[in-house]
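These are the residues of each chain, in order.
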There are 2 protein chains.
Amino acid sequence: MPEGRTGQGYGGESLLFLTDEQLRQGIEAMFFAYRGFTADPDRILAELAYGRAHHRAIHFINRSPGTTVNNLLSILGVTKQSLNRVLRTLIGDGLVISKVGELDKRERHLFLTEQGQALEATLSDAQRARMRAAYKDAGPEAVQGFKTVLEAMMDADMRRAYAKLRD
Amino acid sequence: MPEGRTGQGYGGESLLFLTDEQLRQGIEAMFFAYRGFTADPDRILAELAYGRAHHRAIHFINRSPGTTVNNLLSILGVTKQSLNRVLRTLIGDGLVISKVGELDKRERHLFLTEQGQALEATLSDAQRARMRAAYKDAGPEAVQGFKTVLEAMMDADMRRAYAKLRD
DNA sequence: CTTGGAATGTCAACAAGGCTGACATAAACT
DNA sequence: AGTTTATGTCAGCCTTGTTGACATTCCAAG
């Protein structure tokens with residue numbers, strides 16, 4: 001088989017001969033873009049002595065108020081011990097409240113306080129601003145392609161979690 | 001101004017009214033996709049007691065053999081001290097060699113050994129396989145859009161580093 | 001030519017946030 | 001009631017980021 005030319009299929013005029021070089025460019029684009037993706041919230045978080053882990057927790061609690069710790073775990077893909085440390089500080093700082101479940105008292109349901117919502121909005125605004133600028137730059141068809149490829153890149157269980165959030 | 005509807009411009013039939021909801025979906029897609037993106041190499045690295053940091057170093061040394069530590073730093077966006085720890089173990093394990101610069105003896109030029117190249121290939125193959133599958137799934141126009149949006153998402157200096165690697 | 005500052009890389013110590021293990025409590029199932 | 005299962009918490013370790021201190025080399029000004 002010819003070197004540096006793997007994969008098959010042909011997509012009309014736009015080639016779908018995927019050379020290793022093309023794939024590597026995609027890999028590097030992903031690497032650099034992710035840095036940009038997190039840069040703005042990271043700056044804000046650093047001033048507050050929080051990290052990316054706090055951001056993720058806040059994001060998904062905002063997204064699904066009342067979600068349980070266990071639920072959050074499966075979305076974030078970390079261990080409960082790891083998440084717990086983050087939640088403890090957020091609760092201690094009054095950004096999140098944890099309510100014992102009424103139906104099942106083992107569960108803790110998580111909510112953002114007003115203060116938590118304020119931080120979420122600040123972080124979200126910064127991240128959305130960059131996203132919006134990128135989308136505008138690239139145009140609508142590019143955005144569609146962007147999402148399609150990202151979704152194809154996920155593992156099955158992540159794709160499920162992602163789809164579930166869209167509902 | 002109307003709630004949840006920011007940004008402007010209209011892209012023909014494909015809307016470019018970017019609701020906060022649409023942007024949030026993009027953000028979440030990025031989050032989940034990045035996990036998939038790193039999952040395969042991570043599994044391989046874990047068995048070898050290496051981490052993502054080692055992977056990144058190996059990747060870019062392979063990409064630009066003879067690059068200097070300083071050069072690598074600016075690409076990776078970490079401190080030299082952080083990179084140094086990783087390089088030390090890679091050199092100690094015989095995956096990388098560091099040659100004192102002939103012209104400027106302060107510099108160290110980095111190369112992969114055969115063993116280093118072998119690991120790079122293993123990691124690369126795994127990551128490319130997923131990338132290739134995603135590309136095939138999504139189709140050529142989607143791939144173009146994917147790259148366009150990612151590039152628009154980078155900071156200016158990352159975009160420069162990225163472009164430089166394409167050369 | 002020498003001397004002081006800039007560039008480059010190394011070593012040490014610390015912090016954030018992953019991880020596993022041990023454990024408490026509540027629910028569920030014989 | 002007693003065992004098993006689910007959920008959450010506490011303690012301690014490891015990777016990988018950080019800053020600070022320092023050695024070496026280069027270069028330019030005196």
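Remember, it's a predicted structure, so these values are computed and weren't measured experimentally.

(A) Expanded view of the overall build of chain A. Of the regular secondary structure elements, chain A holds seven helices and five strands. Taken against the 2.2 N^0.38 rule, which gives 15 Å for 167 residues, the C-alpha radius of gyration of chain A at 20 Å runs more than 25% over that of a compact globule. Overall, chain A is about 60 × 35 × 25 Å in size when its C-alpha atoms are taken along their principal axes. Taking all 167 residues of chain A together, 47% fall into the buried category. Counted over contacts in chain A with a minimum sequence separation of 6, partners at least 24 positions apart contribute 46%.

(B) Local environment of the protein's contact with DNA strand D. Inspection of the region around DNA strand D gives 23 residues, with A:Lys80, A:Asn84, B:Gly51, B:Arg56 and B:Arg85 positioned closest. Sugar plus phosphate: this is where 56% of the atoms of DNA strand D within 4 Å of the protein reside. A distance of 2.4 Å separates a phosphate oxygen of DNA strand D from a polar atom in the side chain of A:Asn84. Within the contact set of DNA strand D, a base oxygen lies 2.6 Å away from a side-chain nitrogen or oxygen of B:Arg85. The set of elements that each furnish at least two residues to the surface near DNA strand D consists of α3 (69-76) and α4 (80-92) of chain A together with α2 (52-63) and α4 (80-92) of chain B. Partitioned by chemical class, the residues of the surface near DNA strand D number four nonpolar, eight polar and 11 charged.

(C) Summary view of the side chain of A:Glu28. You can see A:Glu28 is positioned in helix α1 (residues 20-47). Taking relative accessible area as the criterion, A:Glu28 reaches 1% and is therefore assigned buried. Here B:Arg63 takes part through its side chain, which lies 2.9 Å from a polar atom of the side chain of A:Glu28. Leaving out residues up to four positions away in the same chain, A:Glu28 has contacts with B:His59, B:Phe60, B:Arg63, B:Tyr162 and B:Leu165.

(D) Spatial organisation of the packing of helix α5 (residues 114-138) of chain A against helix α6 (residues 140-153) of chain A. Residue and element names in this part refer to chain A. Running from N to C, α5 and α6 cross one another at 120°; their axes reach a closest spacing of 6 Å. By the criterion of interaxial angle, the relationship of α5 to α6 is oblique. Across the interface between the two elements, Met-131, Tyr-135 and Ala-138 from α5 touch Pro-140, Ala-142, Val-143, Phe-146 and Lys-147 from α6. Split by residue class, the contact of α5 with α6 holds seven nonpolar, no polar and one charged.

About the cut-offs
All residue numbers refer to positions counted from 1 along the written sequence of the respective chain. All chains are assigned letters beginning with A, and all ligands numbers beginning with 1, in the order in which they are written. This being a predicted model, a pLDDT of at least 70 is required before a residue's local features are given, and a value of 80 or more before pairs of side-chain atoms are given or counted; all residues contribute to the totals for chains, interfaces and linings. Each side-chain value is derived from all of the structure's non-hydrogen atoms; neither hydrogens nor water enter the calculation. Going along the chain from the N terminus, every DSSP run of H or I of four or more residues is numbered as a helix, and every run of E of two or more is numbered as a strand. Radius of gyration here uses only the C-alpha atoms, and the compact-globule reference equals 2.2 Å multiplied by the residue count raised to the power 0.38. Under the scheme applied here, a residue whose accessible area is under 20% of the maximum for its type counts as buried, over 50% as exposed, and between as partly exposed, the area being computed with a 1.4 Å probe on protein chains only. By the convention used here, residues are in contact when the closest approach between their heavy atoms is within 4.5 Å. Near is defined per residue: the residue qualifies when any heavy atom it owns lies within 4 Å of the molecule or strand. What qualifies as a polar contact is a pair of N or O atoms within 3.5 Å, subject to a donor-acceptor requirement within protein and to the restriction that residues adjacent in sequence count only when both atoms come from side chains. In the scheme used here, Gly and all other residues not listed as nonpolar or charged are polar, with Ala, Val, Leu, Ile, Met, Phe, Trp, Tyr, Cys and Pro taken as nonpolar and Asp, Glu, Lys and Arg as charged. A fitted line through C-alpha atoms serves as each axis, taken over the contacting stretch for helices, and the angle formed by two N-to-C directions is quoted from 0 to 180°. Oblique is the label for any angle not under 35 degrees, not over 145, and not in the 65 to 115 range, which are roughly parallel, roughly antiparallel and roughly perpendicular in turn.

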